[in-house]
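The residues making up each chain are set out below.
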Amino acid sequence: MEFLEDKLLQYIEDNTEQEPEVLKKLYRETYANVLVPRMIAGHYQGRVISMLSKMIKPKQILEIGTYTGYSAICWAEGLVAGGMVHSIDINEEIKDMVDRYIEEAGIRNNVTQYIGNALSIIPQINETFDIVYIDADKENYSNYFDEVIDKVHAGGFIIADNVLWSGKVLETSDTRDEDTEALVAYSKKIREDDRVENVLLPIRDGLLVARKK
Ligand SMILES: C[S@@+](CC[C@H](N)C(=O)[O-])C[C@H]1O[C@@H](n2cnc3c(N)ncnc32)[C@H](O)[C@@H]1O
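Criteria and cut-off values
- Residues numbered from 1 in each chain as written.
- Predicted model: local features only at pLDDT ≥ 70, side-chain atom pairs only at ≥ 80, totals over all residues.
- Helix = DSSP H or I, 4+ residues; strand = E, 2+ residues; numbered from the N terminus.
- Rg over C-alpha atoms; globule rule 2.2 N^0.38 Å.
- Buried ≥ 20, exposed ≤ 12 C-beta atoms within 10 Å, placed from the backbone.
- Core = buried A, V, L, I, M, F, W, Y, C linked by C-beta atoms within 7 Å.
- Contact = placed C-beta atoms within 7 Å.
- Near = placed C-beta within 6 Å.
- Nonpolar A, V, L, I, M, F, W, Y, C, P; charged D, E, K, R; others polar.
- Pairing = 2+ DSSP bridges.
- Axes fitted to C-alpha atoms, helices over the stretch in contact; angles between N-to-C directions.
- Expected span 1.5 Å × (residues − 1).
- Arc of directions from axis to C-beta.

Enquirer: Please give an account of the overall build of the protein chain that cites residues and values.
Expert: When you go through the protein chain residue by residue, the secondary structure sums to eight helices and seven strands. Over its C-alpha trace the protein chain gives a radius of gyration of 16 Å, about what one expects of a compact globule, namely 17 Å for 213 residues. Here the C-alpha coordinates of the protein chain stretch approximately 45 × 45 × 30 Å along the principal axes. Sorting the 213 residues of the protein chain into buried and exposed places 38% on the buried side.

So this is what it looks like as structure tokens:
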């Protein structure tokens, strides 16, 4: 389900700045050569991520779900000097492509790639984060939150993508599939957790922003 009609979406995109050339190229290559390209953040969501990062001015970011690196590069745009995006993906096959684009974007010293299961890798990253971006397997969103909450600064953010799941979160519990169920459970968990305050932004497929108190 698209939440906005095509003309309005076009108007929003037209009034949002263009992404850098390197991201346009990465987007085209992802659509040409990589499976399930609709997973990529793309122009509008990418600019939202970039702007959030520039507003927050983070030093350490954890991204769960690198895919071809589009959102990692957007997050890196707002890093303070010496900052780092730690980005995890279970799919080894796209590592070289991500590497190539990190180089081309000129952020070799600002992105660390980790290949493997995020739940095993997160405990090995010895950092406290200003932003955690959850954009991987939906059934583990709640586990990711539990794993990262103590690794986020007070005032830091845990931002989860796809929390509207194309509107499927409105289905009744007897028709929801496992991913939808997990996303509904995630939003409920966040709104009931006293350690965070939260707002759900209806941006693209839904961004749930939780701020650690
Ligand atoms: C929606 S894509 C990420 C898109 C990316 N953030 C972007 O905007 O361009 C989800 C990614 O999560 C990865 N993934 C799925 N399960 C995972 C797991 N258990 N640990 C780490 N990564 C995982 C997939 O391989 C996939 O590349």
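Enquirer: Explain the nonpolar core residue by residue, including any values.
Expert: Grouped together as the largest cluster of nonpolar side chains are 53 residues, with contacts concentrated most on Ile73, Val132, Ile134 and Ile158. Ranked by residue count, the leading element in this core is helix H4 (residues 70-76), at six residues. Apart from residues no more than four positions distant in its own chain, Val132 is found in contact with Leu62, Val148, Val152 and Ile158.

Enquirer: Break down the site of the ligand for me, citing the residues and quoting the values.
Expert: For the ligand, the set of nearby residues contains 17 residues, the closest of which are Ala41, Gly65, Tyr67, Ser71 and Ala136. Every element with two or more residues in the shell around the ligand is listed here: H4 and strand S2 (84-89). Its residues assigned to classes, the shell around the ligand shows nine nonpolar, five polar and three charged.

Enquirer: Before we move on, can you summarise unusual backbone geometry with the specific residues and values?
Expert: At Lys57, a residue that is not glycine, the phi angle is positive and equals roughly 55 degrees. Summarising the element assignment, Lys57 is placed in the loop between helix H3 (42-56) and strand S1 (60-64). Looking at Lys57, the number of C-beta atoms within 10 Å reads 11, which means it is exposed.

Enquirer: So what about the sheet that holds strand S6 (residues 196-201)? Which residues, and what values?
Expert: Strand-to-strand pairing in sheets goes through backbone hydrogen bonds, with the strands running parallel or antiparallel. Taken together, seven strands build an open sheet; the order of strands is S3-S2-S1-S4-S5-S7-S6 and the sheet is mixed. Of all strands in the sheet, those with a lone pairing partner are strand S3 (111-115) and S6, marking the two edges. In this sheet, neighbouring strand axes are inclined to one another by 15 degrees on average, regardless of whether the strands run parallel or antiparallel. With five bridges connecting them, S1 and S2 associate as parallel partners. The residue of S2 that forms the bridge with Ile64 is Ile88. Running over the sheet, helix H8 (residues 178-192) touches strand S5 (152-161), S6 and strand S7 (207-212) and is turned about 140 degrees from S6.

Enquirer: I'd like a description of the pairing of S7, backed by residues and values.
Expert: Taken together, the five bridges between S5 and S7 define a ladder with antiparallel strand orientation. Bridge pairing in S7 links Ala160 to Leu208. One ladder, built from six bridges, connects S6 with S7; its direction is antiparallel. Within S7, the position partnered with Val196 by the bridge is Lys212.

Enquirer: I'd like a description of helix H2 (residues 21-33), backed by residues and values.
Expert: Helix length check: H2, at 13 residues, gives a terminal C-alpha distance of 18 Å against a target of 18 Å (1.5 Å per residue), a fit within 8%. Among the residues of H2, Leu23, Leu26 and Thr30 are the ones counted as buried. Around the axis of H2, the buried residues are gathered within 55 degrees of arc, so they sit on the same side. For H2, the exposed residues set more than 90 degrees away from the buried face come down to Glu21, Lys24, Lys25, Arg28 and Ala32. The inward-facing, buried residues of H2 abut H3, H4 and helix H5 (95-104).

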